[in-house]
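# Fold and geometry: a report
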Amino acid sequence: MAKGKSTISIEQSLFNELSLLIEQSQRQVFSYANSTLTVLFWKIGHRINDEVLKNKRAEYAKQIVSTLSTQLKRQYGKNFEIRNLRRMMQFAEQFKNLETILPLSQQLSWSHFVELLPVKQPEAKWFYAQVAADQALGIRDLRKQISTKTFERIGIANIQNTSNHPAINNNFKDPYFLDFLGLQNSYLEKDLEEAILRELEAFILELGKGFAFIARQKRMIIDGEDFHLDLLFYHRNLKRLVAVELKLGKFEAQHKGQMELYLKWLDKYEKQEGELSPIGLILCAESRREQVELLEMHKDGIMVAEYWTELPPKKELEKKIHHLFMEAKERIERKKVLE
C-alpha cells in the first residue's frame, strides 16, 4: 500500500515538473511568435514609408497602400487590410528605431502597440510602453492608464518634488482618481476610509506598482496619548513604509506637522533592518499647491495630492489635467526666477 502511494506521489511530482516545462515552452513560443509578428509589421510599415517618401505624392501614397492591401490580403489574410497597413506605417514612423522595439516586442503584443499609436507626446508613448512591459499589463489596463492620464498625473507630482527626493520621483500621482469608490456628494472621512478598504485592490492599482497594504488606523502611543494613522502601506521597490492620511477638506499647513510626527514614530518603532526611512502621502479633496510648495514638504519625504471621487467627461478631464500640469510647471519656473 505504501509502495503504491509512493509511486503515485512520484508520478504526480513528475507530471507537475513536465507540466511546468511545457507551459514555459509555450510561453516562450508565444513570446517569440508575437515578437516576430511585431517586427514584421514594423519592417512592412518602414518599407512602405520609404517608397511613399521617394515619390512625394499624396495620391500615389493612397494608391500604393490600397493596391498592396488588396494583394497582401488575398495572399496572407485579414492582417493586411488597409487600416492595418496604415497602422504599420504609423508604427514605423513613430517608433523609428527597430533596436528599441526589439526588447519591447518580447513583452508587448501588436495590439499593445496599436493602443499606443494615438498617444501624441513621444515621452508619454514611451512611458506607457515601459509601464505595460514592466507590469505585464493587458490591453484593457493599458487603455485605462492612457485614458486616465497616468503620465501627466505622475508628471504633476514630480514637478512638486523640486528637491528630487528619490522616493517621490515617479512613484506618486496628482490627482488620484477614486471614482471607483462610488461615494455620494456627502460623506465622512470614516466613509472614505471604509470605501477604500472595500475596494482595496482597485485602490492599490491606482496607487501604482509596488504598494502592499499593512494596516488601517495604525495605533501610535506618544506621551501616553493615542494617535491613529489612517492607512499604512509598504512599498516593495522603495523598501519603505508609506503612511497615508485622508483629509476631506482642503490641505492645511498643520497636516505637515501631523505627518512628520507619524513618520518619525514609524522610523523609530516600525522600520525594520534593511528598510529606508518611511515616507508619507496626504490625500486631500483640495491640495492648496502654493502652501505645499512653500512648506517644501518633499524634502521631508511627504507628498500631498488631491483625490477626485467623480471624474468629468473625457475631453474636460484632458483639459483639467493639462491645465494642472502647465500651472505646476509655471509655478516652479516662477520660483526659480525669484531664487
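To be clear, the structure that these remarks concern was listed above.
If you're wondering where the values come from, they're calculated on a predicted model, not measured in any experiment.

Rules of the game
Every chain's residues receive numbers from 1 upward, in the order its sequence appears when written. In keeping with the predicted nature of the model, local features appear solely for residues at pLDDT of at least 70, side-chain atom pairs appear and are counted solely at 80 or more, and the whole-chain, interface and lining totals rest on all residues. Values reported for side chains reflect all heavy atoms of the structure, with hydrogen atoms and water molecules removed beforehand. In DSSP terms, a helix is any run of H or I states spanning at least four residues, a strand is any run of E spanning at least two, and both are numbered starting from the N terminus. Only C-alpha atoms enter the radius of gyration, while the globule expectation follows 2.2 Å times N to the 0.38, with N the number of residues. Relative accessibility under 20% of the residue-type maximum defines a buried residue, over 50% an exposed one, and the middle range a partly exposed one, all with a 1.4 Å probe and only protein chains included. Only heavy atoms enter the contact rule, under which two residues are in contact if any of them lie within 4.5 Å. Throughout, the Shrake-Rupley method with a 1.4 Å probe supplies accessible areas, and for residues the shown protein chains are the sole cover considered. We score Asp and Glu as negative and Lys and Arg as positive, and we do not count His or the chain ends. Where a charge lies is defined by one atom per residue type, namely NZ (Lys), CZ (Arg), CG (Asp) and CD (Glu). Pairing between strands requires that DSSP locate at least two bridges from one strand to the other. Only the contacting stretch of a helix is used when fitting its axis, a line to C-alpha atoms as for every element, and angles between N-to-C directions run 0 to 180 degrees. Any two of the Phe, Tyr and Trp rings considered here, Trp counted by its six-membered ring, make a pair once their centres fall within 6.5 Å; the pair's planes then place it as stacked at under 30 degrees, edge-to-face at over 60, or tilted in between. Over a ring means this: the NZ of a Lys or the CZ of an Arg is within 6 Å of the ring centre and within 35 degrees of the ring normal. A clockwise course of the path from the first strand over the helix to the second, judged with the strands pointing away from the viewer, identifies a crossover as right-handed.

## Some remarks on the overall build of the chain
- When its secondary structure is counted, the chain shows 13 helices and six strands.
- For 339 residues, the compact-globule estimate of 2.2 N^0.38 gives 20 Å, and the C-alpha radius of gyration of the chain, at 26 Å, exceeds that figure by more than 25%.
- Principal-axis analysis of the C-alpha atoms places the extent of the chain at approximately 80 × 80 × 40 Å.
- In the chain, buried positions account for 44% of the 339 residues.
- Across the chain, every contact between residues at least 6 apart in sequence was considered, and the portion connecting residues at least 24 apart equals 60%.
- Within the structure as shown, the chain displays about 20,000 Å² of accessible surface, and the carbon and sulfur contribution to it stands at 52%.
- Here the chain contributes 51 positive and 47 negative side-chain charges, whose respective centroids are spaced 8 Å apart.

## So, the sheet that holds strand S1 (residues 176-177)
- Read from one edge of the open sheet, six strands run S1-S6-S5-S4-S3-S2, paired in mixed fashion. Strands with a single pairing partner mark the edges of an open sheet, and in this sheet they are S1 and strand S2 (211-222).
- Pairing geometry for strand S4 (residues 240-250) and strand S5 (residues 279-286), over seven bridges, is parallel. Looking at the pairing, Lys250 lines up with Glu286 of S5.
- The strands that helix H9 (residues 189-198) touches are S2, strand S3 (225-235), S4 and strand S6 (302-308); relative to S4, the one it contacts most, it runs at about 135°.

## Here's the deal with the packing of aromatic side chains
- Under the defined criterion, the tally for this structure stands at 17 aromatic pairs.
- Between Phe41 and Trp110, the aromatic rings sit 4.9 Å apart at their centres with planes inclined by 70°, giving edge-to-face as the arrangement. You can see Phe41 sitting in helix H1 (residues 2-55) and its partner Trp110 sitting in helix H5 (residues 110-116), a full 69 residues away along the chain. With respect to burial, Phe41 and Trp110 carry one shared label: buried.
- When the ring of Trp265 is compared with that of Tyr269, the centres are 5.2 Å apart and the planes differ by 45°; the resulting orientation is tilted. A residue pair is termed a helical-turn pair when its members lie 3 or 4 positions apart in one helix, as Trp265 and Tyr269 do in helix H11 (residues 254-269) at four residues.
- Each member of the aromatic cluster is reached from another via a ring pair, and the members are Phe41, Tyr76, Phe80, Phe91, Phe95, Trp110, Phe113 and Trp126.
- Here Arg153 stacks its cationic end above the ring of Phe177, 3.9 Å away from the centre of that ring.
- The aromatic ring of Trp308 is capped on one face by Lys320, whose charged end is 5.1 Å from the ring centroid.

## Considerations on the environment of Ile168
- Considering the arrangement of structural elements, one finds Ile168 in the loop between helix H8 (150-160) and S1.
- Counting along the chain gives 91 residues from Ile168 to Met259, while the straight-line C-alpha distance between them is 15 Å.
- Excluding anything up to four places from it in sequence, Ile168 contacts Asn158, Asn161, His298, Gly301, Ile302 and Met303.

## Considering the environment of Glu296
- When you line up the elements, Glu296 lands in the loop between helix H12 (289-295) and S6.
- Taking relative accessible area as the criterion, Glu296 reaches 26% and is therefore assigned partly exposed.

## A short note on the pairing of S5
- The buried fraction of S5 amounts to six of the eight residues, a majority that puts the element mostly inside the structure.
- Taken together, S4, H11 and S5 constitute a β-α-β crossover, and its handedness is right-handed.

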